[in-house]
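This is what each chain is made of:
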Protein chains: 4
Amino acid sequence: MEKVKVAVIGCGTISPNHIKAYTKNERTDIKYLVDIRPERAKKLAEKFHVPHTTTDFREILHDKELEAVSICTPNDTHAKIAIACLDAGKHVLCEKPAAINMKQVNEMKAAAERNKRILNIGVVNRYNTAVNKIKEMIDNGDLGNVYHVYCSFRAHRSIPGLGGPFTTKSKSGGGVLIDWGVHYLDLIFYSLNQPKILTVSGTTHSELAKNMKDYTYINMWAGPPDYTGTYDVDDFVTGLIRTSGPTISLNGAWAQNIGEPATFVEFLGDKAGVKWQYGGNFTVYSAKDGVLYETIPAYAQKDMFYEEIDGFIQSVMSDMKSRSNIDNVLVTSEVMEAIYTSSEQGSEVTL
Amino acid sequence: MEKVKVAVIGCGTISPNHIKAYTKNERTDIKYLVDIRPERAKKLAEKFHVPHTTTDFREILHDKELEAVSICTPNDTHAKIAIACLDAGKHVLCEKPAAINMKQVNEMKAAAERNKRILNIGVVNRYNTAVNKIKEMIDNGDLGNVYHVYCSFRAHRSIPGLGGPFTTKSKSGGGVLIDWGVHYLDLIFYSLNQPKILTVSGTTHSELAKNMKDYTYINMWAGPPDYTGTYDVDDFVTGLIRTSGPTISLNGAWAQNIGEPATFVEFLGDKAGVKWQYGGNFTVYSAKDGVLYETIPAYAQKDMFYEEIDGFIQSVMSDMKSRSNIDNVLVTSEVMEAIYTSSEQGSEVTL
Amino acid sequence: MEKVKVAVIGCGTISPNHIKAYTKNERTDIKYLVDIRPERAKKLAEKFHVPHTTTDFREILHDKELEAVSICTPNDTHAKIAIACLDAGKHVLCEKPAAINMKQVNEMKAAAERNKRILNIGVVNRYNTAVNKIKEMIDNGDLGNVYHVYCSFRAHRSIPGLGGPFTTKSKSGGGVLIDWGVHYLDLIFYSLNQPKILTVSGTTHSELAKNMKDYTYINMWAGPPDYTGTYDVDDFVTGLIRTSGPTISLNGAWAQNIGEPATFVEFLGDKAGVKWQYGGNFTVYSAKDGVLYETIPAYAQKDMFYEEIDGFIQSVMSDMKSRSNIDNVLVTSEVMEAIYTSSEQGSEVTL
Amino acid sequence: MEKVKVAVIGCGTISPNHIKAYTKNERTDIKYLVDIRPERAKKLAEKFHVPHTTTDFREILHDKELEAVSICTPNDTHAKIAIACLDAGKHVLCEKPAAINMKQVNEMKAAAERNKRILNIGVVNRYNTAVNKIKEMIDNGDLGNVYHVYCSFRAHRSIPGLGGPFTTKSKSGGGVLIDWGVHYLDLIFYSLNQPKILTVSGTTHSELAKNMKDYTYINMWAGPPDYTGTYDVDDFVTGLIRTSGPTISLNGAWAQNIGEPATFVEFLGDKAGVKWQYGGNFTVYSAKDGVLYETIPAYAQKDMFYEEIDGFIQSVMSDMKSRSNIDNVLVTSEVMEAIYTSSEQGSEVTL
């Protein structure tokens, strides 16, 4: 069997997850690593035995052998690169969020359609084992009528790279909502089988680092701070979403004056409720015949990046859209944009 | 000094809090206890040395010596009794919620105004020591800009008196929102110095006992269940409120498939955040000069019912409105009604 | 910039802390590792890319390029090696305790002075972040008048290397007092800004392993026991120290029939008190305006060995004495010797 | 059998313990209750059916039938009343501390001897069941060589009756040492079979209420504060005591900036150690044949006040001195006075 030749564009923090998964997958070979900083691409190429590197993704688009690319670049470049790749006939797996606004997302989707190519988004929690177990329970009716989902992605002091691209809206499209909320919202919509969204209301705040030097923290991911940079994104978001299924309420914070981080999703049904610690286990709360139960399931955890990449390759080879196709993920971007809109106008948005 | 003569109307579960506080207070004497079930009034009268009891509150209204009454009857009777007492020239302290809908609340307020009498509502948390310490911190600017309040009044299995007045909307006006939420919302508005409410969005559900016999529980306050009765009230509510100050998000449940109860309020400021465990202590989370602090204050706890009653008597004697006057508490009822309306119409309400 | 060339003499358990810190420091290069057992030096040299090893520290003293040494050998060799190095013109960082008695300590100090070289002692807690935060609070007056310090370094079963050098007074100079107490006393004197010591009273005991085979334990650091060896050191010490500032009371044990280890220092002031868990966080207990506060600060932890080594190199390059110079640490040895003397004579010692 | 007729002089907080024990004891009858405030004596006389009350203890001394008295008056009156009673031929049980200084204690002892009467001191912990179980273990050799006792009587905020007799040295003789320390020291000396005291070193401080209005507290026993009163006693004491047996170290505080109260005694032996929570249970820590044991004994608790009174009556009837006779308890006062002396002079005292 001929292996699918792929390229990974962007060699920053997230890229090794893609590279490892492609390397482990017997149906693919990585032919190119691309990064505008040549040493980043070269270092990873050496480690993972990738034959070619380049600083300009355009140079590899003419390569007929290249069938698919992963895009791991900053958010503001997703649309431009994805569209160029799709127009060159490549299949694309683009890291989340799809893009920095709906206009770009729609253009990406249009490019996939006109070129009849796969466009997947890196909403990797759709491949998380716990999430899929929960989805299975919901599908089986084990939770009964799921009438509400509470979603909490609140940290104490976790603003990433203060003053850098993460905190500059023109580059990132937003803060905690677009960076963390995308995962939570997307996995909720997935678990609920993509309910229709009716209304979206929300408020975002940019509080704890509005004067960057006043921001006290212990560690900083993607740090240290650049006090000459920009901080114009949300570090807090609250929202309420009505759907054709359950309502969803959410509170999220990159940084907030709280004690313990509170990062979990609760699916509340009339027969049972599930609380999932993000990235960890879940607990089932149920009641039957006069007895209340608290159940902690254990199961083999699959590697969610491997599964995501394998699903992408399967789509590429079979031309069948999968769970992380732009068709399914689009709504996640729509809701995030609606929250930003609702926050600006101070009232609910009807989709 | 002449002591203020008072009556307590309704001798159920809440009434001993009023009776003890009047008894302890050197400025008042209880002259009457009233209950439609004569043995309930007599038992308490004996215990607390109250001279008179009756089954009909109308009988005592002609007594010129009687200056003030506490109303501790079921929610659906608040308006009728309060208005009759006010019209008879008595000052009134009415248990929370003020009434079962805004129409009644407005009528009560009008009766207080036309008779120039005090009408206080039993929002006793306005006299809780912790709440007042937190309010003091907010007023002093210790929390900086308070940009969000998260309010959680969620229990696991606490539906009271299933099938009885608590769960019958025509008697109670509603379920968890009107029974518990009234305390939380009211103390939040108090702590924030009564901000103007802009928008209210919410959804209520009646899920865990919609088939009463399916409701599994461990203990039942005001129980046991009456399976021939009615269950048509909310056991879950979620909401989002925009104000002239912070946004407020809330999740409340009398019963829900969760583990631990989550009953707390978080006041989130840019300088510090406070988490108050309902009925208990609070913790302050702050940061300064590169250090993060978690602080647990301890302080002498005042008896909040004593303070509430003393504040009422002070108002009666001085004719000065106090923090729990209907003027201040009205908005709490307005917001609750707006949540019910928003839930029914499936969209946000603008006040 | 020319890097400072250093040697580490003694390649036992403590030495990697020095080697890592020198390696990480951009202002130094390790030129030699020295140990009488050649394989110990070679193994570390390979791991940390050190060019030379030797078994005799005298061989490297003629090397003009070598500016500074760390001494990580057993206690009884500190004085001899330090004096030889100082006399050869090298700057010295000598592990704690300075030496096994004051006679040796004074000779070391004299050698530093006559050669005009830096002699630092490895009292690494002077570079612990928590200790310095506490010192800062004391200096700022946040604790008010610090009138007492209680110092507890009590373990359940922690005699190290029973029958070996640790428990042989001629090699170690003493037991728990000199091995653990040195850290606690030194950091207390440092935090209090080196108060004048007035009186010292104490008693030491050698109890739990006086018959070595009777000593029951679970784990043994630097073990296993050598029942042919010697056990003639203190496994318990109690003491009371008067200073120009607060009094200090102490209880310390390598082994004792207690439950939980109790290893902490309490700084007791009239405005606030601090309890520091050795090696961990601290809590501040304070009171103001009728409220009692318990505060747990969080802060970025610096690597104390890195800071210690960097401070030493700074001293070497600038010729400025620092906080861990023998001038400041001498008193710690004096107090320990006074406790041993007080114990022997059964009465208080006046310094 | 003729019952022993007794009087209780002083009807404050401690007296009901005596009155109840005499009432319960079949060998005694209370004939008089005495208090300078007549209503205090009368109230208790009514409750416990005592036939006579008076305001002046001198009035009852002529009563031949009266054989024994309990003295429960403030510390500064102990000596005067006890000596008068002894000189009138009565046996005396005097509440602790014996008196406010050694001069008075010695005069009391002399009065007992010249009149050949029993003089017991109310060191009630000598009758505590746990204390006696521990003493039994020590006597049996279960702890091996008891080489150290650590004694901690430290509270957070427990100054009693600020500004009243408790905090006025001329009335109380001292603060936490004489009020709480007397119990701890006395029970330690009792448990150790009255070892000879060799040296005493200590320091006392009066810190947390030196400016009375600055003292923040939650509750106050024997309160509320009298800000016009005096605060000139110790609220903290530290000490080190050498005896013919173990050394004893102690830290005690009525009030201190700590978290949890720490009120316990540890008896540390080479075979086993005991930790007794004051007023509660004890735990035994031992080791044998390679196994470490933590043992919590349970046993029937006797009423220590009953036992104390019964022992006193037994002495009165048999003319045999018992464990709480002044002969045994004298040393406790000596050590306390020595600690005060040592603190004043800043050096150790040799007894």
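Residues numbered from 1 in each chain as written. Chains lettered and ligands numbered in written order. Predicted model: local features only at pLDDT ≥ 70, side-chain atom pairs only at ≥ 80, totals over all residues. Heavy atoms only, no water.

In the annotation of an unreviewed UniProt entry, the entry for chain A reads Oxidoreductase, and the organism field reads Lederbergia galactosidilytica.

Observations regarding the overall build of chain A
Scanning chain A from terminus to terminus reveals nine helices and 15 strands. A compact globule built from 351 residues would reach a C-alpha radius of gyration of about 20 Å, and chain A, at 21 Å, matches this within 12%. The principal-axis extents of the C-alpha atoms in chain A amount to approximately 65 × 50 × 35 Å. Within chain A, buried positions represent 60% of all 351 residues. Put simply, 73% of the contacts in chain A that link residues at least 6 apart link residues at least 24 apart. Charged side chains of chain A number 38 positive and 42 negative; the gap between the two group centres comes to 2 Å. (Helix = DSSP H or I, 4+ residues; strand = E, 2+ residues; numbered from the N terminus. Rg over C-alpha atoms; globule rule 2.2 N^0.38 Å. Buried < 20%, exposed > 50% of the residue type's maximum accessible area, 1.4 Å probe, protein only. Contact = heavy atoms within 4.5 Å. Lys, Arg positive; Asp, Glu negative; His and termini not counted. Charge placed at Lys NZ, Arg CZ, Asp CG, Glu CD.)

Focus on the packing of aromatic side chains
The full count for this structure, using the stated rule, is 34 aromatic pairs over all chains. Between A:Tyr150 and A:Phe264 the ring centres are 5.9 Å apart and the planes differ by 65 degrees, which places this aromatic pair in the edge-to-face class. Linking A:Tyr150 in strand S7 (residues 146–154) with A:Phe264 in strand S11 (residues 262–269), this pair joins segments that are 114 residues apart in sequence. Here the two residues A:Tyr150 and A:Phe264 agree in accessibility, since each one is buried. Their ring planes at 25 degrees and their centres at 5.9 Å tell us that C:Phe282 and C:Tyr299 sit as a pair that is stacked. (Phe/Tyr/Trp six-rings, centres within 6.5 Å; stacked < 30°, edge-to-face > 60°.)

Looking at the interface of chain A and chain B
The interface of chain A with chain B comprises 49 residues on the first partner and 49 residues on the second. Summing both sides of the interface, chain A and chain B together bury roughly 3700 Å²; the carbon and sulfur share of this comes to 54%. Considering only the side of chain A, the residues that lose the most area to chain B are A:Tyr147, A:Asn257 and A:Leu292, jointly responsible for 19% of the buried surface there. At the junction of chain A and chain B, the tally comes to four salt bridges. When the shortest N-O distance is used, the salt bridge between A:Lys210 and B:Asp270 registers 2.7 Å. Along the contact surface separating chain A from chain B lie 26 residue pairs in polar contact (both at pLDDT 80 or more). Going through the elements one at a time, S7, strand S8 (197–205), strand S9 (236–243), strand S10 (247–253), S11, strand S12 (272–277), strand S13 (282–288) and strand S14 (291–295) of chain A are the ones with two or more residues in the side of chain A that touches chain B. (Buried area = accessible area lost by both parts, 1.4 Å probe. Salt bridge = Lys/Arg side-chain N within 4 Å of Asp/Glu carboxyl O. Polar contact = N/O pair within 3.5 Å; in protein donor to acceptor, adjacent residues only side chain to side chain.)

Topic: the environment of C:Ala84
Residue and element names in this part refer to chain C. Along the polypeptide, alanine 84 turns up in helix H3 (residues 78–87). Separated by 170 residues in sequence, alanine 84 and tryptophan 254 place their C-alpha atoms 33 Å apart. The residues contacting alanine 84, other than those within four sequence positions of it, are Phe57 and Leu61.

Looking at the domain arrangement of chain A
All names here are of chain A. Domains assigned within chain A are domain 1 (4–124 + 305–323) and domain 2 (126–303 + 333–350). On a C-alpha basis, the centroid separation for the pair domain 1 and domain 2 is 26 Å. Buried surface at the junction of domain 1 and domain 2, both sides included, amounts to about 1900 Å², of which 56% is carbon and sulfur. Three residues stand out in domain 1 for area buried against domain 2, namely Met102, Val123 and Arg323, and they jointly supply 35% of the buried area on that side. Our count for the domain 1 to domain 2 interface comes out at 13 residue pairs in polar contact (both at pLDDT 80 or more). Those elements that place two or more of their residues in the side of domain 1 that touches domain 2 are helix H4 (102–115) and helix H8 (304–318). When residues of the side of domain 1 that touches domain 2 are assigned to their parent elements, the largest contribution, four residues, is made by H8. Split into classes, the residues belonging to the side of domain 1 that touches domain 2 amount to 10 nonpolar, five polar and six charged. (Domains from an automatic or database assignment. Nonpolar A, V, L, I, M, F, W, Y, C, P; charged D, E, K, R; others polar.)

Section: the packing of helix H4 (residues 102–115) of chain C against helix H9 (residues 326–345) of chain C
Residues and elements named next belong to chain C. Contact pair H4 / H9: the axes reach a minimum separation of 10 Å and the direction vectors enclose 170 degrees. Here H9 runs roughly antiparallel to H4, going by the angle between their axes. Considering only the axes of H4 and H9, their crossing is left-handed. Packed against H4, whose contacting residues are Met102, Val105, Asn106, Lys109 and Glu113, the element H9 presents Ile326, Asp327, Leu330, Ser333, Glu334 and Glu337 at the interface. (Axes fitted to C-alpha atoms, helices over the stretch in contact; angles between N-to-C directions. Parallel < 35°, antiparallel > 145°, perpendicular 65-115°, else oblique. Left-handed = near helix turned anticlockwise from the far one by under 90°.)

Topic: the side chain of A:Asn75
Residues and elements named next belong to chain A. Note that asparagine 75 resides in the loop between strand S4 (66–71) and helix H3 (78–87). Reaching out from asparagine 75, the side chain makes a polar contact with the backbone oxygen of serine 172 at a distance of 2.9 Å. The contacts of asparagine 75, once residues within four sequence positions are left out, are Lys96, Pro97, Ala99, Ile100, Lys171, Ser172 and Ile178.

Some remarks on the relation of the copies chain A and chain B
For these two chains of identical sequence, chain A goes onto chain B by a turn of 180 degrees and a shift of 0.0 Å along the axis, with RMSD 0.1 Å. The relationship between the two copies is best expressed as a two-fold rotation axis. With an isologous cut-off of 70% or more, the 100% of interface residues of chain A that recur at the interface of chain B puts this contact in the isologous class. (Least-squares fit on C-alpha atoms with pLDDT ≥ 70 in both.)

A short note on the packing of helix H7 (residues 176–191) of chain D against helix H9 (residues 326–345) of chain D
Residues and elements named next belong to chain D. As a packed pair, H7 and H9 sit with axes 9 Å apart at the nearest point and diverge in direction by 130 degrees. It follows from the interaxial angle that H7 and H9 lie oblique. In this structure, H7 crosses over H9, and the sense of that crossing is right-handed. Residues Leu177, Ile178, Val182, Leu185, Asp186 and Phe189 of H7 touch H9, and the partners they reach there are Val329, Val331, Thr332, Val335, Met336, Ile339 and Tyr340.

Re the pairing of strand S1 (residues 4–9) of chain C
All names here are of chain C. Of all six residues making up S1, six are buried, and the element is well covered by its neighbours. Alternating residues of S1 divide into Val4, Val6 and Val8 and Lys5, Ala7 and Ile9, and every residue in both groups is buried. Summarising the sheet, S1 and strand S2 (residues 28–34) pair through six bridges and their orientation is parallel. Paired with valine 4 across the bridge in S2 is threonine 28. Handedness of the crossover joining S1 and S2 through helix H1 (residues 15–24): right-handed. Taken together, the five bridges between S1 and strand S4 (residues 66–71) define a ladder with parallel strand orientation. Considered in S4, the bridge of valine 6 is made with alanine 68. (Pairing = 2+ DSSP bridges. Right-handed = clockwise from strand over helix to strand, strands pointing away.)

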